[in-house]
Amino acid sequence: MRLRCIALMRDSIVISNPAMDELTQARAALAALEKREQELLDELCSIRDAALLQRSRINELVAQMPIASVNRLPVELLLRTFQIYLETIPESCYDYFHSKRGLASVSRRWRDVILHSPSLWTTISVASYWSEARVKAYVARSSQSPLDIEFQCWLGSEGTLAAILNVLISCVHRWRSLTIQRDVTYLHWSLVLEKLNHLSFPSLKRVAICNFPGSLPGQVELHHPIFMHPESSPHLEHIHLHVKVERSMPPHIPSGVSALSLAFHVSHPIWHPSLFESPSCRGLTSLHITDHSDNVICNLLPDSIQLPLLEEFSCKLSCARTLIHALVAPRLKRFDYSPPWWRNSPSAVFAGLHSRFSSVDNLRLSEFTAENLSEAVGLAFPNVCHLELARANRNTFYSPLTETPNNVLYWNNLKSLTLHGLYNYDLRFLDDLVTFLRQRLSAGQSKLQVKIIFWLAGTSSLFRELPEHCYLELWDESKKVL
């Protein structure tokens, strides 16, 4: 019996050996995996420690490297750099927005500077490609800086336009300038004026209306921008009007305005003698007059326009003799007469104005012949220091002009001469210019600073001769280089 029990126990052990082997193997495999896991964990910790050490090393090396010049710039200089670049792009155009966004995408620092610089968000255009959200963003990012508002052609809904106007009205106290472009329709013009004429603009200094319709009887409230009155805009200084209504009454000029620009675009306008009789014009320091129709009728008496504070006068009328003879401006410094063509000769335009403009030291004339630098011009402007000639031709410095003692050759105060708008075929006059400069030196006059702005002139041997008789500065517009 005992021997049988031992045999049975032996048989059972033999039978269970395969199961025990499998369990043993499983446990061994688990132990191997756990060991490998620990090895990998140890390796991972080592890698992490090495990565941390390497990161610290890289930071040390980066700190030792020289910083890029643009990143060393203080915020103020970096902002000024952005401003100089963006100044070359009209702020109201679509390209300005994309150029600014392009700068902001260069680096995080550039983006932060742009987003947090109110001066880069002060110009707001009311145009079809501007959404209400963008206007709100500009208003917010401009902080409390003065705003420049420009109305352009609007092709969207009147509801969106009204919503944008409401956003802008909420910060009307910050408006610095207002421009209404020529492509704004009559309907939108009326909608804008309806809003503006009931507001006050405590900071508004400049207004430019490029489609000003004048003041027609019975339509003053609709067509006249009442917001320009001193009660509504007490600090308004510069007003630029393009008058385009036939036979309109003279536009009202608010008191306190120092700069005025008028441009007539209609077929048969009439120049109103009473235009400058208003006491508000006595404070003008700058006056610009342009006629795109060439039909302005000037019924003005000599010496009838008294502008005692006027310092700058620009006129582009082809028939402006009576206007020039009516002007009395004892403080006038800059005189620009650049008509599209000369209906009367310069001798006729300036005849009889002996020392009338003796205070003028900066004179600009266009479309020249020798007559433009004749005795009449020399007598009318005896103290010119800086002379600018546009579109000069071969006859400009023709030698017969030197025969009279009062022409520009003998201007004692003349210091600089600028010639611009010249092409290759214009440069034939350079030999006469050399003669002109040589004769000035022979007459005891000092050397002039001469600047010649030309286009595709190539290399001219005459340019090499000029420095002997003047201080020469050349500007090639085709290459944009001096």
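In case you missed it, the structure is sitting above this.
Notes on the structure in this doc start here.

Cut-offs used in this document
- Residues numbered from 1 in each chain as written.
- Predicted model: local features only at pLDDT ≥ 70, side-chain atom pairs only at ≥ 80, totals over all residues.
- Heavy atoms only, no water.
- Buried < 20%, exposed > 50% of the residue type's maximum accessible area, 1.4 Å probe, protein only.
- Helix = DSSP H or I, 4+ residues; strand = E, 2+ residues; numbered from the N terminus.
- Pairing = 2+ DSSP bridges.
- Patch = residues over 30% accessible without salt bridge, like charges linked within 9 Å, V, L, I, M, F, W, Y side chains within 5 Å.
- Areas by Shrake-Rupley, 256 points an atom, 1.4 Å probe, with all protein chains shown as cover.
- Salt bridge = Lys/Arg side-chain N within 4 Å of Asp/Glu carboxyl O.
- 1 Å grid on protein atoms, 1.4 Å probe; cavity = no way out; pocket = protein on both sides within 12 Å on 5 of 7 lines; lining within 4 Å.
- Points joined across faces, edges and corners; volume = space filled by probe spheres on them.
- Nonpolar A, V, L, I, M, F, W, Y, C, P; charged D, E, K, R; others polar.
- Phe/Tyr/Trp six-rings, centres within 6.5 Å; stacked < 30°, edge-to-face > 60°.
- Polar contact = N/O pair within 3.5 Å; in protein donor to acceptor, adjacent residues only side chain to side chain.
- Axes fitted to C-alpha atoms, helices over the stretch in contact; angles between N-to-C directions.
- Parallel < 35°, antiparallel > 145°, perpendicular 65-115°, else oblique.
- Left-handed = near helix turned anticlockwise from the far one by under 90°.
- Contact = heavy atoms within 4.5 Å.

Turning our eyes to something else, we now look at the pairing of strand β14 (residues 362–366). For β14, a buried count of five out of five residues is recorded, marking the element as mostly surrounded by other parts of the structure. Neither face of β14 is left uncovered, since the one carrying N362, R364 and S366 and the one carrying L363 and L365 both have all their residues buried. Across four bridges, the pairing between strand β13 (residues 334–337) and β14 is parallel. Residue pairing across strands places Y337 opposite L365, the latter belonging to β14. With five bridges joining them, β14 and strand β15 (residues 386–390) adopt parallel strand pairing. Pairing of R364 across the sheet is with E388, part of β15.

What follows concerns a nonpolar patch on the surface. On the surface, I58, V62 and M65 cluster together into a nonpolar patch covering about 290 Å² of accessible area. By secondary structure assignment, the location of M65 is in the loop between α1 (2–64) and α2 (69–72).

Its boundaries defined by the atoms lining it, the largest pocket holds a volume of some 180 Å³. Breaking the lining of the largest pocket down by element, the ones donating at least two residues are α4 (94–104) and α5 (108–115). If you tally residues by element for the lining of the largest pocket, the top one is α4, at four residues. Across the lining of the largest pocket, the residue classes break down as five nonpolar, one polar and four charged.

This paragraph deals with the packing of aromatic side chains. Scanning the model with the defined rule gives twelve aromatic pairs in all. Aromatic pair W121 and Y138: ring centres 4.8 Å apart, planes at 75°, arrangement edge-to-face. Here the residue W121 occupies a position in the loop between α5 and β1 (123–126), and Y138 occupies one in helix α6 (residues 132–141), the gap between them amounting to 17 residues. This pair shows no difference in class: W121 is buried, exactly as Y138 is.

Relative to the elements of secondary structure, I239 occurs in strand β5 (residues 238–243). A relative accessible area of 0% means that I239 is categorised as buried. For the pair formed by I239 and L260, sequence separation is 21 residues and the distance between their alpha carbons is 5.2 Å.

Turning next to unusual backbone geometry. Positive phi is not limited to glycine here, since D303 has a value of about 60°. Turning to its location among the elements, D303 is positioned in the loop between β9 (297–298) and β10 (305–306). One non-glycine residue, S355, adopts positive backbone phi at about 60°. Position of S355 among the secondary structure elements: in the loop between α11 (346–350) and β14. The partly exposed category is assigned to S355, whose relative accessible area is 41%.

With that out of the way, let us pick up the side chain of Q152. Locating Q152 in the fold gives a position in the loop between β2 (147–151) and α7 (158–169). Taking relative accessible area as the criterion, Q152 reaches 15% and is therefore assigned buried. Side-chain polar atoms of Q152 contact the side chain of S125, separated by 3.4 Å.

Where α7 meets helix α8 (residues 186–196), the axes come as close as 11 Å, and the angle between the chain directions of the two elements is 30°. Overall, the two elements α7 and α8 adopt an arrangement that is roughly parallel. Crossing of α7 against α8: the hand is right-handed. Here E158, L161, L165, N166 and I169 of α7 lie close against α8, whose contacting residues are L187, H188, L191 and K195. A class-by-class count of the residues in the contact of α7 with α8 yields five nonpolar, two polar and two charged.

Mapped onto the secondary structure, R364 falls in strand β14. Note on R364: relative accessible area 18%, which makes it buried. Separated by 3.3 Å, the side chains of R364 and E388 make a polar contact.

Everything listed is a geometric property; what it means functionally is a separate question.
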